[in-house]
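Now for the letters of each chain:
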Amino acid sequence: MSYTKYGIRPDLVERVKVKMKNPVTKDRVKMLLNGVTKYDLQDRLKVRKLVRAAAGILHEPLTELQEEQLISFVLGTKIDPNNTLSLIKLWAMFR
């Protein structure tokens with residue numbers, strides 16, 4: 001499953017990947033996601049808050065449509081942050 005199927009543009013993904021190479025930014029995002037469970041990532045309101053907070057950390061303004069696409073992607077992929085296989089699949093998607 002690809003993020004483009006959710007309407008997420010590759011240029012947005014590339015900008016975020018470049019910004020995540022900054023160690024300070026990466027640490028801030030890691031702290032934001034620390035303790036997040038698979039159940040949190042299936043709750044639309046929690047995911048919305050996480051997307052908005054991450055966008056703020058990355059200084060990446062999102063339109064309402066982009067925000068909804070990201071939320072749909074997270075809910076649709078059923079990410080489990082404590083499952084190594086799930087994380088490997090996610091990592092492979094964004095290589």
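See above for the structure.
Residues numbered from 1 in each chain as written. Predicted model: local features only at pLDDT ≥ 70, side-chain atom pairs only at ≥ 80, totals over all residues. Heavy atoms only, no water.

Trainee: Explain the side chain of glutamate 60 here, please?
Mentor: If you trace the backbone, glutamate 60 turns up in the loop between α3 (44-57) and α4 (64-77). Glutamate 60 gets classed as buried once you look at its relative accessible area, which sits at 7%. Sequence-distant contacts of glutamate 60, defined by excluding residues within four places in its chain, comprise Leu12, Arg15, Lys19 and Ala55. (Helix = DSSP H or I, 4+ residues; strand = E, 2+ residues; numbered from the N terminus. Buried < 20%, exposed > 50% of the residue type's maximum accessible area, 1.4 Å probe, protein only. Contact = heavy atoms within 4.5 Å.)

Trainee: Would you mind showing me how to read the pattern of salt bridges here?
Mentor: One side chain can pair with another of opposite charge once the charged atoms of both are near each other. A full pass over the atoms with the stated rule returns ten salt bridges. A salt bridge links arginine 15 to glutamate 60, with the shortest nitrogen-to-oxygen separation between them at 2.6 Å. Here the residue arginine 15 occupies a position in helix α1 (residues 10-19), and glutamate 60 occupies one in the loop between α3 and α4, the gap between them amounting to 45 residues. The salt bridge partner of lysine 46 is aspartate 40, with a shortest N-O separation of 3.0 Å. Judged by relative accessible area, which is 17%, aspartate 40 ranks as buried. Salt bridges sharing partners connect three or more residues here, namely Arg9, Asp11, Arg15, Lys19 and Glu60. (Salt bridge = Lys/Arg side-chain N within 4 Å of Asp/Glu carboxyl O.)

Trainee: So what exactly am I meant to see when it comes to the nonpolar core here?
Mentor: Within soluble globular proteins, side chains that are nonpolar generally end up buried alongside one another. Within the largest apolar cluster, 14 residues are counted, with the highest numbers of intra-cluster contacts made by Tyr3, Ile8, Leu41, Val47, Ile71, Phe73 and Val74. Counting residues per element, the ones that place at least two in this core are α1, α3 and α4. Ranked by residue count, the leading element in this core is α4, at four residues. Beyond its immediate sequence surroundings of up to four residues, isoleucine 8 is in contact with Tyr3, Val13, Gln69, Leu70 and Phe73. (Core = buried A, V, L, I, M, F, W, Y, C linked by side-chain atoms within 4.5 Å.)

Trainee: Would you mind showing me how to read the packing of aromatic side chains here?
Mentor: Pairs of aromatic rings are described using the distance from one ring centre to the other and the angle between the two planes. Counted according to the given criterion, the structure contains three aromatic pairs. Considering the side-chain rings of tyrosine 3 and phenylalanine 94, the 5.0 Å spacing of their centres and the 5 degrees angle between planes classify their relative orientation as stacked. Of this pair, tyrosine 3 sits in the segment before α1 while phenylalanine 94 is found in the segment after α5 (84-93), placing the two residues 91 residues apart along the sequence. Plain terms: the ring middles of tyrosine 6 and phenylalanine 73 are 5.5 Å apart, the flat faces sit at 85 degrees to each other, and that makes the pair edge-to-face. Linking tyrosine 6 in the segment before α1 with phenylalanine 73 in helix α4, this pair joins segments that are 67 residues apart in sequence. In this structure phenylalanine 73 comes out as buried when scored by relative accessible area, which is 6%. The rings of Tyr3, Tyr6, Phe73 and Phe94 are connected pair by pair, giving a single aromatic cluster. (Phe/Tyr/Trp six-rings, centres within 6.5 Å; stacked < 30°, edge-to-face > 60°.)

Trainee: What exactly am I supposed to notice about α3 here?
Mentor: Helical geometry: 3.6 residues make up each α-helical turn, so side chains three or four residues apart lie on a common side. Helix length check: α3, at 14 residues, gives a terminal C-alpha distance of 20 Å against a target of 20 Å (1.5 Å per residue), a fit within 8%. Residues of α3 that are buried make contact with α2 (23-33) and α4. Capping the start of α3, aspartate 43 holds a side-chain oxygen 3.1 Å from the backbone nitrogen of leucine 45, two or three residues further along. (Expected span 1.5 Å × (residues − 1). Polar contact = N/O pair within 3.5 Å; in protein donor to acceptor, adjacent residues only side chain to side chain.)

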